[in-house]
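# Remarks on the overall topology
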Amino acid sequence: PSKSEKQELDRIRREVKGLALEKDTEEEYEKEGDEAFWKFSKKVNKYPKQCIRWSPGGKPLPIAAENPPPLSKLDGSSPPNCPHCGAPRVYEMQLLPTAIYFFDHYWRTWEASCADQAPCGLSFGSVFLYTCTGHCGTGEYRSEFVHVQEEV
């Protein structure tokens, strides 16, 4: 089938499944306006209850084009090397904004027993954790590199 026939088949499949994605001009504009957010939403909406994306050595999923997380040595935006052994750090996991709900729930539970301390409020787009490839911790905790992307 031609490209237009494939597109028509895909559209019909989506309608049959109840997921008709008729793209109006506003949706197309939103995708073009912030493609990083569109990709983030598309990926995260597959599993909307996820709070953590764990993928050692994988690729981070930025929530916006502004202040993107470091990727790798290849693109020149790598995180700093480990200050203990000098080995490069790689992406390991990402904390998603859905985690704020759980933090808030536990904060409220804790706050009930500590009424004299007010919550500071927590907001972020994503938190990316990069770990040492040299595994130099040898049983002791070591600080790692964290990149925080603000909420959109």
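Reference entry: report on the structure contained in this document. (Residues numbered from 1 in each chain as written. Predicted model: local features only at pLDDT ≥ 70, side-chain atom pairs only at ≥ 80, totals over all residues. Heavy atoms only, no water.)

## Points about the packing of aromatic side chains
Enumeration according to the criterion identifies 2 aromatic pairs in this entry. Between Y91 and Y130, the ring centres sit 6.0 Å apart and the planes meet at 70 degrees, which makes this aromatic pair edge-to-face. Residue Y91 is found in strand β2 (residues 89–95), and its partner Y130 is found in strand β3 (residues 126–132); the two are separated by 39 residues along the sequence. Here Y91 matches Y130 in class, with each residue buried. With centroids separated by 5.8 Å and ring planes inclined at 55 degrees, the aromatic side chains of Y130 and F145 adopt a geometry described as tilted. On the criterion of sequence distance, the pair formed by Y130 in strand β3 and F145 in strand β4 (residues 145–149) is long-range, its members being 15 residues apart. Overall, Y130 belongs to the buried group, its relative accessible area being 0%. Through pairs of rings, three or more aromatic residues link up here, namely Y91, Y130 and F145. (Phe/Tyr/Trp six-rings, centres within 6.5 Å; stacked < 30°, edge-to-face > 60°. Helix = DSSP H or I, 4+ residues; strand = E, 2+ residues; numbered from the N terminus. Buried < 20%, exposed > 50% of the residue type's maximum accessible area, 1.4 Å probe, protein only.)

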